[in-house]
Amino acid sequence: MGTQNAPLRLTDYRDLAAGHVTRPVWDFVDGGSGDERTLAANTAAYDHRRLRPRILTDVDKIDTRTALFGTPLATPIGLAPVAYHRLLHPEGEVATVRGAGAAAALTVVGIFASRTLEDIARAAGGPLWLQLYWLRRRAVLEQLIDRAEAAGYEAFVVTLDAKRIGQRLRDMRNGFTLPEGVAAVNVDPAVMAEAHQAHEADSAIAAHAETSFDRALTWDDLAWLRARTSKPILLKGVLTAEDARLAAEHGVDGIVVSNHGGRQLDNAVPTIDALEECVQAVAGTMPVLIDGGIRRGTDVFTALALGASAVLIGRPFLWGLAAGGAEGVTDVLRLATSELEHTMTLMGTPTLADIDRTAVRP
Ligand SMILES: Cc1cc2nc3c(=O)[nH]c(=O)nc-3n(C[C@H](O)[C@H](O)[C@H](O)COP(=O)(O)O)c2cc1C
Ligand SMILES: CC(C)CC(=O)C(=O)O
């Protein structure tokens, strides 16, 4: 690639990716729910944040290293759980984790991964967590937890903002279906078949979610999961102080402030606006991660300043994966981390520990 076209920011990868996938796949990745207000608001909310740089501090060396649950990470930027990476690259999640490993970054693998948990683990160079949806069939969940632990996955992230799948108009209009050869290979085929039979009219994605996610689930059920693993458990999809507090009370180990990238409840609060109340509610007892709309090193910095322990990116790494496979993923992570370093230099904060609330204008 000539230097003229070399991607200089994450959104440059969006333009590159567009040429590599079909229209329905593009819409599945790019789209949100409803009128896509929350999708737009996630990024717009960062536009309005203003930073308060400090002068005359020693920023000769910038250090972006951190750790989560004792696992060292080269960067506080990790990969959010996303279904079906093979939609974007033939190697799917195997390419993704190879790319993340080269950047020593965290990957949260999705329960609807299109490669086996074991193949993904063999290719990984960095830490892996596994995201779960709470399927009605707990036996299927149990098997997944056991397999993940045996393969070296270090934590579980339970996504709780999807008791129904958001109204994704683009997918409905496209009649989105998974292409031949792309499947949720880790989940019992019976669970998937059941779903397809029950909901032929919906988009394929909405269909399997409707029948396989447990809508009756409540806080009391978390004890079941807690008893099944000694690994850290994080809840993804927390947007309020009330739920952050309940998470802390129910013995989980972390939360991910997320609105699912604007793909679930439209008009849900932008995540960066929800972060502070969640951070205050857990009062330093557990790490708080955030995702949604993070496109710039300054966005990462803002999230860290408002109390996030780490951030996850979704669509940007998918753009990298589509455009350049494992190397594209690595480059997206490097670009984002180098923007963060640049921001830290100009903000006068040489380490992540130096970044605090005073860095962002209230
Ligand atoms: C194509 C796609 C598939 C996704 N699949 C899942 C999933 O299976 N499980 C999950 O918890 N979140 C899923 N998400 C949401 C991401 O984990 C994350 O919350 C979101 O993408 C972050 O916003 P961003 O894309 O603006 O960075 C998906 C997102 C996208 C774009
Ligand atoms: C298979 C879907 C439920 C994956 C998902 O969470 C999403 O598309 O946002």
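Residues numbered from 1 in each chain as written. Chains lettered and ligands numbered in written order. Predicted model: local features only at pLDDT ≥ 70, side-chain atom pairs only at ≥ 80, totals over all residues. Heavy atoms only, no water.

A. Spotlight on the pairing of strand β10 (residues 310–313). Neither face of β10 is exposed, since Ala310 and Leu312 on one face and Val311 and Ile313 on the opposite face are all buried. In terms of strand pairing, strand β3 (residues 77–79) meets β10 through three bridges, oriented parallel. Bridge pairing in β10 places Gly78 opposite Leu312. Sheet analysis places strand β9 (residues 288–291) next to β10, joined by three bridges and oriented parallel. (Buried < 20%, exposed > 50% of the residue type's maximum accessible area, 1.4 Å probe, protein only. Helix = DSSP H or I, 4+ residues; strand = E, 2+ residues; numbered from the N terminus. Pairing = 2+ DSSP bridges.)

B. The arrangement of the confidence of the model for the chain in detail. Considering every residue of the chain, the mean pLDDT works out to 95; 97% of them sit at 70 or more. Interface confidence for the predicted complex, expressed as ipTM, amounts to 0.99; the pTM equals 0.97. (pLDDT = per-residue confidence, 0-100.)

C. Representation of the packing of helix α11 (residues 241–249) against helix α12 (residues 271–282) in the model. Contact geometry of α11 with α12 gives a least axis separation of 8 Å together with a crossing angle of 30°. The angle between the axes of α11 and α12 places the two elements in the roughly parallel class. The crossing of α11 and α12 is right-handed. In contact with Ala241, Glu242, Ala244 and Arg245 of α11, α12 contributes Glu277, Cys278, Ala281 and Val282. Among the residues forming the contact of α11 with α12, the class breakdown is five nonpolar, no polar and three charged. (Axes fitted to C-alpha atoms, helices over the stretch in contact; angles between N-to-C directions. Parallel < 35°, antiparallel > 145°, perpendicular 65-115°, else oblique. Left-handed = near helix turned anticlockwise from the far one by under 90°. Contact = heavy atoms within 4.5 Å. Nonpolar A, V, L, I, M, F, W, Y, C, P; charged D, E, K, R; others polar.)

D. Representation of the nonpolar core within the structure. If you look at the biggest cluster of nonpolar residues, it comprises 107 residues, and the most contacted ones within it are Leu88, Ile111, Phe112, Ile255, Leu275, Ile290 and Leu333. The element best represented in this core is helix α14 (residues 315–347), accounting for 14 residues. In contact with Leu88, not counting residues within four places along its chain, are Val21, Val25, Val29, Leu318, Leu321 and Ala322. Counting 13 residues, the second-largest nonpolar core is a separate cluster that includes Leu106, Leu234, Ala310 and Leu312. (Core = buried A, V, L, I, M, F, W, Y, C linked by side-chain atoms within 4.5 Å.)

E. Structural view of the pattern of salt bridges. Taken as a whole, this structure holds 18 salt bridges when the rule is applied. Salt-bridge contacts for Asp12 lead to Arg9; the nearest nitrogen and oxygen are separated by 3.2 Å. Relative accessible area serves as the criterion here: at 19%, Asp12 is assigned to the buried category. Residue Glu339 pairs with Arg296 through a salt bridge whose shortest N-O separation is 3.0 Å. One end of the pair, Glu339, is in helix α14; the other, Arg296, is in the loop between β9 and α13 (297–305), and 43 residues separate them in sequence. You can call Arg296 partly exposed: its relative accessible area is 36%. Ionic contacts of the salt-bridge type, sharing partners, join the residues Arg14, Arg23, Asp27, Asp30, Glu36 and Arg170 into one network. (Salt bridge = Lys/Arg side-chain N within 4 Å of Asp/Glu carboxyl O.)

F. Looking closely at the site of ligand 2. The immediate surroundings of ligand 2 are formed by Phe28, Ala83, Tyr84, Phe112, Tyr133, Ile165, Arg168, Ile205, His208, His260 and Arg263. With respect to ligand 2, the side chain of Arg168 contributes an N or O atom lying 2.7 Å from an oxygen atom. Between ligand 2 and Arg263, the relevant distance is 2.8 Å, taken from an oxygen atom to a side-chain nitrogen or oxygen of the residue. Coverage of ligand 2 by the protein amounts to 94% of the 280 Å² it exposes when considered alone. The residue makeup of the shell around ligand 2, split by class, is seven nonpolar, two polar and two charged. (Near = heavy atom within 4 Å. Polar contact = N/O pair within 3.5 Å; in protein donor to acceptor, adjacent residues only side chain to side chain. Areas by Shrake-Rupley, 256 points an atom, 1.4 Å probe, with all protein chains shown as cover.)

G. Geometry of the site of ligand 1. Around ligand 1 sit 23 residues in total, of which Pro81, Thr159, Asp291, Gly293 and Arg295 are the nearest. In the model, a nitrogen atom of ligand 1 is placed 3.1 Å from a nitrogen or oxygen of the Tyr133 side chain. Between ligand 1 and His260 there is a distance of 3.4 Å, counted from a nitrogen atom to a side-chain nitrogen or oxygen. Mapped by element, the contributors of at least two residues to the shell around ligand 1 are α2 (23–30) and α14. At three residues, the largest contribution of residues to the shell around ligand 1 is made by α14. When the residues that make up the shell around ligand 1 are grouped by side-chain class, the tally is 10 nonpolar, eight polar and five charged.

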